[in-house]
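Listed below, chain by chain, are the residues.
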Amino acid sequence: MLIAGRRKVHEIWISSELEGDAGVDDIVTIANAQNVPLVYIAKSRLEREARSEAPQGVLAHAAELPEADLDDLLRSAGDAPPFLVAVDGVTDPGNLGAIIRSCDGAGVTGVILPRHRAVHVTPTVAKSAAGAVEFVPITLVPGLPATLKSLRDRGVWVVGLDDGAERTIFEIDDLATDPICLVLGAEGAGLSRLVRDRCDAIVSIPMLGGVSSLNVSAAAALSTYQVTHSRRRRG
């Protein structure tokens, strides 16, 4: 959060047990350089305030995460065309955090979340994302099917992931180098019918063992990096 600088940090709490600990030296140094107040408090008080599982002794009080504008996400990032990921019905905060972390690593230019029937950025999501929520632009949309239709109308390929598709994620080289939006469905239910109907293509991840699918966050990692691989190979 301090390094990204996208939102104001009002105050940082550090567990009194960590005062002078080398593990928080970078945080202390950056906070001091940015004139962010540091407060050393009892571990028990920090953990009550943290609202996440297994807090690690540091908590920041900050402004809300800024919401990205969809129009901004559709602008090319440098020489690369837009690369978006839309999440359909994912309600587990750990999964969403891991998805956002993979998106950051793979160079995704924006994440699209529906306002309803989906988890948004919570303390658990932020922790699972390991800082990626501070770098990946995220936009909330009223309805995902309508948004996907709008993306298609604006020249973006919409590609959904589904276990039953015959075409695989490894066969989208012809789409990957254009503006593209990958759509990930909820575990178990997969893509909703309306979302599936708005996709230009449906692809699968080959499963060669005894189980039928990957965790949605693992699917996000594989599919986003496949798009990045295709772009670099053709670039």
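Everything that follows concerns the structure shown earlier in this document.
Residues numbered from 1 in each chain as written. Predicted model: local features only at pLDDT ≥ 70, side-chain atom pairs only at ≥ 80, totals over all residues. Heavy atoms only, no water.

With that settled, the discussion passes to helix 9 (residues 216-234). Given a rise of 1.5 Å per residue, 19 residues ought to cover 27 Å, and the 27 Å separating the end C-alpha atoms of helix 9 matches this to within 8%. By the burial criterion, the buried members of helix 9 are Val 216, Ser 217, Ala 219, Ala 220, Ser 223, Thr 224, Gln 226, Val 227, Thr 228, Ser 230 and Arg 231. For helix 9, the secondary structure elements touched by its buried residues are strand 4 (83-88), helix 4 (93-106), strand 7 (157-161), helix 7 (173-176) and strand 8 (180-185). (Helix = DSSP H or I, 4+ residues; strand = E, 2+ residues; numbered from the N terminus. Expected span 1.5 Å × (residues − 1). Buried < 20%, exposed > 50% of the residue type's maximum accessible area, 1.4 Å probe, protein only. Contact = heavy atoms within 4.5 Å.)

What follows covers the layout of surface pockets. What the largest pocket holds in volume is close to 1500 Å³. Lining the largest pocket are 40 residues, with Met 1, Arg 7, Ala 60, Ala 126 and Glu 134 sitting closest to its centre. For the lining of the largest pocket, the secondary structure elements donating two or more residues are helix 1 (25-33), helix 2 (43-50), strand 3 (58-62), helix 5 (123-128) and strand 6 (138-141). A per-element tally of the lining of the largest pocket places strand 3 first, with five residues. Taken together, the residues that form the lining of the largest pocket break down as 25 nonpolar, seven polar and eight charged. Of the volumes computed, that of the second largest pocket is approximately 340 Å³. Lining the second largest pocket are 19 residues, with Leu 161, Asp 163, Ala 186, Ser 213 and Leu 214 sitting closest to its centre. Of all the secondary structure elements, the ones that give two or more residues to the lining of the second largest pocket are strand 8 and helix 9. (1 Å grid on protein atoms, 1.4 Å probe; cavity = no way out; pocket = protein on both sides within 12 Å on 5 of 7 lines; lining within 4 Å. Points joined across faces, edges and corners; volume = space filled by probe spheres on them. Nonpolar A, V, L, I, M, F, W, Y, C, P; charged D, E, K, R; others polar.)

Right, let's get into the side chain of Thr 168. Structurally, Thr 168 is set in the loop between strand 7 and helix 7. Since its relative accessible area comes to 15%, Thr 168 is described here as buried. Not counting the four nearest positions on each side in its chain, Thr 168 is found in contact with Val 203, Ser 204 and Pro 206.

Attention now goes to the sheet that holds strand 8. Two modes of strand pairing occur in sheets, parallel and antiparallel, and in both the strands are linked by backbone hydrogen bonds. As summarised here, the arrangement of the six strands in space is 6-5-4-8-7-9, forming an open sheet in which the pairing is parallel. Of all the strands in the sheet, the pair left with one neighbour each is strand 6 and strand 9 (201-203). Each strand axis lies, on average, 25° off the axis of its neighbour in the sheet, ignoring direction. The sheet strands contacting helix 4 are strand 4, strand 5 (110-114), strand 6 and strand 8, and the helix crosses strand 4 at an angle near 170°. Across the sheet, helix 6 (residues 144-153) touches strand 4, strand 5, strand 6, strand 7 and strand 8, and the angle it forms with strand 4 is around 160°. (Pairing = 2+ DSSP bridges. Axes fitted to C-alpha atoms, helices over the stretch in contact; angles between N-to-C directions.)

Among the nonpolar cores identified, the biggest contains 35 residues, and Val 87, Ile 100, Leu 161, Ile 180 and Leu 182 are the most heavily contacted of them. If we skip the residues at most four places from it in the chain, Ile 100 touches Val 125, Ala 129, Ala 132, Val 133, Val 136 and Ile 138. Counting residues in hydrophobic clusters, the runner-up holds 20 residues, among them Ala 68, Leu 84, Val 141 and Leu 191. (Core = buried A, V, L, I, M, F, W, Y, C linked by side-chain atoms within 4.5 Å.)

Time to look at the sheet that holds strand 1 (residues 9-15). The three strands are arranged 2-1-3 in an open sheet whose pairing can be described as mixed. With one partner strand each, in any of the chains shown, strand 2 (38-41) and strand 3 form the two edges of the open sheet. Pairwise comparison of adjacent strand axes, ignoring direction, gives a mean angle of 25° for this sheet. Where strand 1 and strand 2 come together, four bridges link them in parallel fashion. Looking at the pairing, Ser 15 lines up with Ile 41 of strand 2. Contacting strand 1, strand 2 and strand 3, helix 1 runs over the sheet at an angle of about 140° to strand 2.

Turning to the packing of helix 4 against helix 9, a few remarks are in order. Where helix 4 meets helix 9, the closest approach of the two axes is 8 Å, and the angle between their N-to-C directions is 15°. Classified by the interaxial angle, the pair formed by helix 4 and helix 9 is roughly parallel. Relative to helix 9, the crossing made by helix 4 is right-handed. On the side of helix 4, the interface is formed by Asn 95, Ala 98, Ile 99, Ser 102, Cys 103, Gly 105 and Ala 106, while helix 9 contributes Val 216, Ser 217, Ala 220, Ala 221, Thr 224, Tyr 225 and Thr 228. Here the contact of helix 4 with helix 9 is composed, by residue class, of eight nonpolar, six polar and no charged. (Parallel < 35°, antiparallel > 145°, perpendicular 65-115°, else oblique. Left-handed = near helix turned anticlockwise from the far one by under 90°.)

Under the defined criterion, the tally for this structure stands at ten salt bridges. A salt bridge links Asp 200 to Arg 152; its shortest N-O distance comes to 2.9 Å. With a gap of 48 residues between them, Asp 200 in the loop between helix 8 (193-197) and strand 9 and Arg 152 in helix 6 connect regions that are remote in the sequence. Taking relative accessible area as the criterion, Arg 152 reaches 34% and is therefore assigned partly exposed. Of the charged contacts in the structure, one is a salt bridge between Arg 233 and Asp 173, with a shortest N-O distance of 2.1 Å. One end of the pair, Arg 233, is in helix 9; the other, Asp 173, is in helix 7, and 60 residues separate them in sequence. (Salt bridge = Lys/Arg side-chain N within 4 Å of Asp/Glu carboxyl O.)

Everything listed is a geometric property; what it means functionally is a separate question.
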